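Survey of secondary and tertiary structure
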Number of protein chains: 2
Amino acid sequence: MSTIYVVGIGPGAYEKMTIEAAEALRSCDVIVGYTVYIDLVKDHFPGKEFMTTPMRKEVDRCVLAFEEAKKGKIVAMICSGDAGVYGMSGLMYEVGVNYPEVELKIIPGVTAAMGGGAVLGAPLIHDFCLISLSDLLTPWEKIEKRLLLASEADLSIVLYNPSSKKRHDYLQKACDLMLQHKSPETVCGLVENIGREGEAYKVMTLKELRDTEVDMFTTVFIGNSQTREISGKMVTPRGYKNV
Amino acid sequence: MSTIYVVGIGPGAYEKMTIEAAEALRSCDVIVGYTVYIDLVKDHFPGKEFMTTPMRKEVDRCVLAFEEAKKGKIVAMICSGDAGVYGMSGLMYEVGVNYPEVELKIIPGVTAAMGGGAVLGAPLIHDFCLISLSDLLTPWEKIEKRLLLASEADLSIVLYNPSSKKRHDYLQKACDLMLQHKSPETVCGLVENIGREGEAYKVMTLKELRDTEVDMFTTVFIGNSQTREISGKMVTPRGYKNV
């Protein structure tokens, strides 16, 4: 039985990868991935065969990985962040139904919520949720409902894919929904280029976030009712009782 | 200015730590942490000074770390999983207000949602939330509200601290709340001892989960309406549209 490693490489920088992820990439013959991610790891794993497919060709990329594994090669499929958070591991199981002779081994990694959270301070100490604003595969009504209910639940919220060329006003729409339940003074933060060149962060209020433009390399954090700014960092306390 | 590294060591096994986390622990003089976590890393970092405080002495542990840093030592404070997810980084910022000469550097890690998710398959591919069932620092009414709203939002849900000696029926209570909005056939999973000896997982329905006893070393995953069991694994698809 051959094995495919589905590897979360973390935010981008080599040292933010787990030791297990680096070992898997060193042990494999072929590394398959989206072009941008291959470029991030390439220099650290010389002598490997690299295979890429462009964005939106995810099913092709999975089939490619399985076909290489069938030839007897050890294959690693890489994803940025964690392979299981808006990543490829789910689709790999779906496509894998046609390849019962190939076993999948999922290697977790640091997703943008954790990587960006560390840059901002400690925004996710208590209950939180991740919501993607991309309506490519999810109806916008579903996203709206989640934003409203998560805000009503006083969860801290991390927004993935907050913007794109076609969706330049989505963050503003999302803020307007969250403002129905969260105070305009709610402490928020954003992190650009987590763990990559140009990493930067900003702490602001939800009211200010509403009027901020972000790009697709930004991860957005909205605090809960207890989140505070401490020494310029975004910090959510562990509890609601004063102990 | 002295620095304290606040380090998420991941689920437990050395190789599930990031390269950056291992480097920080190698570069420091003192490693501070809860006894159980110190035992997990001890053998991999010989020659370090280890300092522990028991559970519930978190503030003391933070003060200890800052006092050691003030002496000019390089200090690492370790947390299991990610330092920013129910971890110590928040409290470190709060206590740190009294130590303006000490800088904090947060090093993210693989939290149980990611580590356990990789064991179960791909349960968290789409929007999800983390909710802790511990009512030590959070009123139970707040936890109830979050469980209800997150279920209504059709989020996948990861439960941290699903049980303890005093709270043996909390998972059952949580399932009853989630069953108000989620189907009894919702695909769920649990993982024991993620990344440690005795690691085990089980996939089941929400109805079955309701009548399952878990211990405090278990992380519980509840799927969204699209989550399926594929080849014995728990898999949530990327989207809601059939593309």
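A few points on the structure. (Residues numbered from 1 in each chain as written. Chains lettered and ligands numbered in written order. Predicted model: local features only at pLDDT ≥ 70, side-chain atom pairs only at ≥ 80, totals over all residues. Heavy atoms only, no water.)

**A word on the overall build of chain A**
For chain A, the count of helices and strands is eight helices and 13 strands. The C-alpha extent of chain A, read off along each of the three principal axes, is 55 × 35 × 35 Å. Residue pairs at least 24 apart in sequence account for 69% of intrachain contacts in chain A once pairs closer than 6 positions are excluded. When the accessible area of chain A is evaluated, it comes to approximately 9,600 Å², of which 49% is carbon and sulfur surface. (Helix = DSSP H or I, 4+ residues; strand = E, 2+ residues; numbered from the N terminus. Contact = heavy atoms within 4.5 Å. Areas by Shrake-Rupley, 256 points an atom, 1.4 Å probe, with all protein chains shown as cover.)

**A closer look at the side chain of lysine 233 of chain A**
The residue lysine 233 of chain A is located in strand S13 (residues 233–235) in this model. Contact partners of lysine 233 of chain A, with chain neighbours within four places excluded, come to Val119, Leu120, Gly121, Tyr201, Val203 and Arg228 of chain A together with Tyr93 of chain B.

**Looking at the interface of chain B and chain A**
Contact with chain B, which involves 65 residues of that partner, is made by 65 residues of chain A. Of all residues in chain B, Ile19, Leu137 and Arg146 of chain B give up the largest surface area on contact with chain A, accounting jointly for 13% of the area buried on that side. At the junction of chain B with chain A, the criterion picks out ten salt bridges. Here lysine 142 of chain B makes a salt bridge to aspartate 154 of chain A, at a shortest N to O gap of 2.8 Å. (Buried area = accessible area lost by both parts, 1.4 Å probe. Salt bridge = Lys/Arg side-chain N within 4 Å of Asp/Glu carboxyl O.)

**Side note on unusual backbone geometry**
Residue and element names in this part refer to chain B. Of note, asparagine 193 is a non-glycine position whose phi angle comes to about 50 degrees, a positive value. Examined against the element boundaries, asparagine 193 turns out to sit in the loop between strand S9 (187–192) and strand S10 (200–205). Here serine 231, not a glycine, exhibits a phi torsion of approximately 50 degrees, which is positive. If you trace the backbone, serine 231 turns up in the loop between strand S12 (228–230) and strand S13 (233–235). The class for serine 231 is exposed, based on a relative accessible area of 66%. (Buried < 20%, exposed > 50% of the residue type's maximum accessible area, 1.4 Å probe, protein only.)

**A short note on the sheet that holds strand S6 (residues 121–122) of chain B**
Residues and elements named next belong to chain B. The mixed open sheet is built from three strands, whose spatial order is S6-S13-S12. Looking at strand neighbours, the two that pair on one side only are S6 and S12, the edges of this open sheet. As paired elements, S6 and S13 share two bridges and run parallel to each other. Its bridge partner being in S13, glycine 121 is matched across the sheet by methionine 234. (Pairing = 2+ DSSP bridges.)

**Thoughts on the relation of the copies chain B and chain A**
For the match of chain B to chain A, the screw axis carries a shift of 0.0 Å, the RMSD comes to 0.0 Å, and the turn is 180 degrees. Such a turn and shift between the copies fits a two-fold axis. (Least-squares fit on C-alpha atoms with pLDDT ≥ 70 in both.)

**Considering the packing of aromatic side chains**
Residues and elements named next belong to chain B. Overall, the coordinates contain ten aromatic pairs over all chains when judged by the stated rule. The interplanar angle of 80 degrees and the centroid separation of 5.2 Å between the aromatic rings of tyrosine 34 and tyrosine 37 together place this pair among those described as edge-to-face. On the basis of relative accessible area, tyrosine 34 is assigned to the buried category, the value being 16%. For tyrosine 37, a relative accessible area of 19% puts it in the buried group. Residues tyrosine 86 and tyrosine 160 carry aromatic rings whose centres are separated by 5.1 Å and whose planes lie at 45 degrees to one another, so their mutual orientation is tilted. Note that tyrosine 86 is positioned in the loop between strand S4 (75–79) and helix H4 (89–96) and tyrosine 160 in strand S8 (residues 156–160), a separation of 74 residues in sequence. (Phe/Tyr/Trp six-rings, centres within 6.5 Å; stacked < 30°, edge-to-face > 60°.)

Geometric values such as these leave the question of function open.
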